[in-house]
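Inside the fold
Given next are the chains, with one letter for each unit.
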Amino acid sequence: MNTAPSDPVRAHDQAQRCGVLLANLGTPDAPTPAAIRRYLAEFLGDPRVVEIPRALWWPILYGFILPFRPRRLAHAYQSIWTAEGSPLLAISRAQQRGLQSRLGDAVPVALGMRYGTPSIGAALDELLERGARRIAVLPLYPQYSATTTATVFEAVVDRVRPMRWWPELRFVNGYHDESAYIDALAESVRAHWARNGRGEHLLMSFHSIPVRCLQAGDPYYCFSQKTARLLAAALDLPPDAWTLSFQSRIGRAKWLSPYTDLVITRLARSGIKTVDTICPGFSADCLETLEEVAQRYNEQFRDAGGSALRYIPALNADDAHLDFLADLVHRQFGGRLTAQVADPHASAAERVAMLQRGF
Ligand SMILES: C=CC1=C(C)c2cc3[nH]c(cc4nc(cc5[nH]c(cc1n2)c(C)c5CCC(=O)O)C(CCC(=O)O)=C4C)c(C)c3C=C
Ligand SMILES: [Fe+2]
Ligand SMILES: [Fe+2]
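Residues numbered from 1 in each chain as written. Chains lettered and ligands numbered in written order. Predicted model: local features only at pLDDT ≥ 70, side-chain atom pairs only at ≥ 80, totals over all residues.

On to the site of ligand 1. Around ligand 1, the surrounding shell holds 22 residues, and the nearest of these are Thr27, Thr147, His207, Cys286 and Leu287. Elements with a contribution of two residues or more to the shell around ligand 1: helix 3 (69-80), helix 6 (146-160) and helix 11 (287-303). A breakdown of the residues in the shell around ligand 1 according to their chemical character gives 13 nonpolar, seven polar and two charged. Each of domain 1 (15-31 + 81-174 + 321-341) and domain 2 (179-312) gives at least three residues to the shell around ligand 1. (Near = placed C-beta within 6 Å. Helix = DSSP H or I, 4+ residues; strand = E, 2+ residues; numbered from the N terminus. Nonpolar A, V, L, I, M, F, W, Y, C, P; charged D, E, K, R; others polar. Domains from an automatic or database assignment.)

Spelled out as structure tokens, the structure:
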């Protein structure tokens, strides 16, 4: 085992604050091939994301993917980039601010990205620095998957492993069937219908993962199905008025299906002219929703004979979303978010004196 280094000296009698680590996937620092290559190397180098044995995967990643994919992706990222940077980061920051204002200053909220910056480790350091000793780790992935949620938890454990005095950690696995989450999604669909009229069909598109993950016990497929079923029920949709599909697959292995790109072509060819599309697995808009769905799939749908595939934005920093997340945090701490004063068995001054005396 590693030898634990010394923790920063902290008085034992300080208030034990609750804190929240909001986590998401991460995004490149800039829409340039170099920044995208750095991001993809970290992301696709994670054995939780690509489970192929390293000896086989490294030559593919460094020989075939990293030399070419970043250049193609740069155009896609440039088409969605904003004055505040990557949408995923800008929206995550807005979510952090919204949650912070709901929980109050006594409960620090930090943002950590699994890949790129700000890192999970930096977010944890920030929380500890601000006095948090009871920390809820809340990945903004509604449907648990080892490829997303578990790797966030691992990054947290990697950061605290060498510490002597671990903070109390609460890992929030997901919230795919929470009624307030389903209601927030349903409300966003109704708002879209009120603004734009009701499309003929509702497509619910989730990020795909390799079928191998499902066979090995990953619950993501079932959780996505359940979210979709509950959302359809909340909207009173008959079975033929909606479809669940999976997007963003990469490579040649079998991924969860039906694939979104094939479904939209089928819908267009069946004579459907307007499709509303929601991506309930994405808590914040990002490359996969803004470029792949809203731009590319809309074009593809029109090329196949449809009139419009209309994208319904993610919950992002909507009030209903943030109210729900604040409630989820409250429940992690049994509703008691206020700071607890630890047993003041040794005041800071006594502790320093003892250390100086050498006991
Ligand atoms: C190759 C394996 C991948 C798995 C498994 C995977 C699962 C997965 N991803 C998300 C959420 C997001 N993915 C995003 C982009 C993205 N995803 C992969 C690969 C896998 N994802 C890549 C290589 C990329 C980069 C873009 C690309 O090369 O096509 C994003 C957007 C990031 C951004 O900067 O905006 C999100 C969000 C989930 C929820 C998930 C499994 C459930
Ligand atoms: Fe992904
Ligand atoms: Fe199941």
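Our focus in this paragraph is helix 4 (residues 87-103). For helix 4, built from 17 residues, the straight-helix expectation of 24 Å at 1.5 Å per residue is met to within 8% by its first-to-last C-alpha distance of 24 Å. All buried positions along helix 4 are accounted for by Pro87, Leu88, Leu89, Ile91, Ser92, Gln95, Gln96, Gly98 and Leu99. Summarising the contacts, the buried residues of helix 4 are in contact with strand 1 (15-24), helix 3, strand 2 (109-113), helix 11 and helix 12 (319-332). In the segment just after helix 4, Gly104 is the residue with positive phi, at about 90 degrees. (Expected span 1.5 Å × (residues − 1). Buried ≥ 20, exposed ≤ 12 C-beta atoms within 10 Å, placed from the backbone. Contact = placed C-beta atoms within 7 Å.)

On to unusual backbone geometry, then. As a rule of thumb, non-glycine residues mostly have phi less than zero, and peptide bonds are mostly trans rather than cis. Here Thr117 and Pro118 are connected by a cis peptide whose omega angle stands at -5 degrees. Its place among the elements puts Pro118 in the loop between strand 2 and helix 5 (120-129). Cis geometry marks the peptide bond from Ser257 to Pro258; its omega dihedral reads 10 degrees. Within the secondary structure, Pro258 is located in the loop between strand 6 (242-247) and helix 10 (260-269). The phi angle at Ser248 is positive, at roughly 65 degrees, despite the residue not being glycine.

Quick look at the UniProt feature "binding site: Fe(2+)" (unreviewed entry) in the protein chain now. Taking the UniProt record as the reference, the feature "binding site: Fe(2+)" (unreviewed entry) is found at His207 and Glu288. Of the residues just listed, which span 82 residues, no C-alpha pair is farther apart than 8.2 Å, and they cluster in one region. Setting aside residues no more than four positions away along its own chain, His207 makes contact with Gln247, Ser248, Gly281 and Glu288. Checked against the element boundaries, Glu288 lands in helix 11. Discounting chain neighbours no more than four positions away, the residues touching Glu288 are His207, Gln247, Ser248 and Phe282. (UniProt positions renumbered as here; feature names shortened; annotations may be inferred.)

The next thing to look at is the pairing of strand 5 (residues 201-207). Most of strand 5 sits out of view: seven of its seven residues are buried. What you see with strand 5 is no split at all: His201, Leu203, Ser205 and His207 on one side and Leu202, Met204 and Phe206 on the other are buried throughout. Pairing analysis gives four bridges linking strand 5 to strand 7 (residues 274-278), with the strands arranged parallel. Opposite Leu202, over in strand 7, you have Asp276 as the bridge partner. In this structure, strand 5 lies alongside strand 6, joined through six bridges in parallel fashion. Paired with Leu203 across the bridge in strand 6 is Thr243. (Pairing = 2+ DSSP bridges.)

Turning our eyes to something else, we now look at the sheet that holds strand 5. Overall, parallel pairing links the four strands, which are arranged 6-5-7-8 in an open sheet. Each edge of the open sheet is held by one strand with a lone partner, namely strand 6 and strand 8 (308-312). Across this sheet, the average inter-strand angle for adjacent strands is 30 degrees, counted without regard to direction. Contacts from helix 7 (residues 179-196) reach strand 5, strand 7 and strand 8, with the element oriented near 135 degrees to strand 8. (Axes fitted to C-alpha atoms, helices over the stretch in contact; angles between N-to-C directions.)

It is at 10 Å that the axes of helix 3 and helix 11 come closest, and there the two elements cross at 90 degrees. Considering their axes alone, helix 3 and helix 11 lie roughly perpendicular with respect to each other. Contacts from Ala76, Tyr77, Ser79 and Ile80 in helix 3 reach Leu287, Leu290, Glu291 and Gln295 in helix 11. For the contact of helix 3 with helix 11, the residue count by class is five nonpolar, two polar and one charged. (Parallel < 35°, antiparallel > 145°, perpendicular 65-115°, else oblique.)

For the rest of this paragraph, the subject is the domain arrangement of the protein chain. Once the domains are mapped, the protein chain shows domain 1 (15-31 + 81-174 + 321-341) and domain 2 (179-312). Taken together, the 18 residues of domain 1 in the interface contact 18 residues of domain 2. Looking at the side of domain 1 that touches domain 2, the elements with two or more residues in it are helix 4, helix 6 and helix 12. It is helix 4 that contributes the most residues to the side of domain 1 that touches domain 2, five residues altogether.

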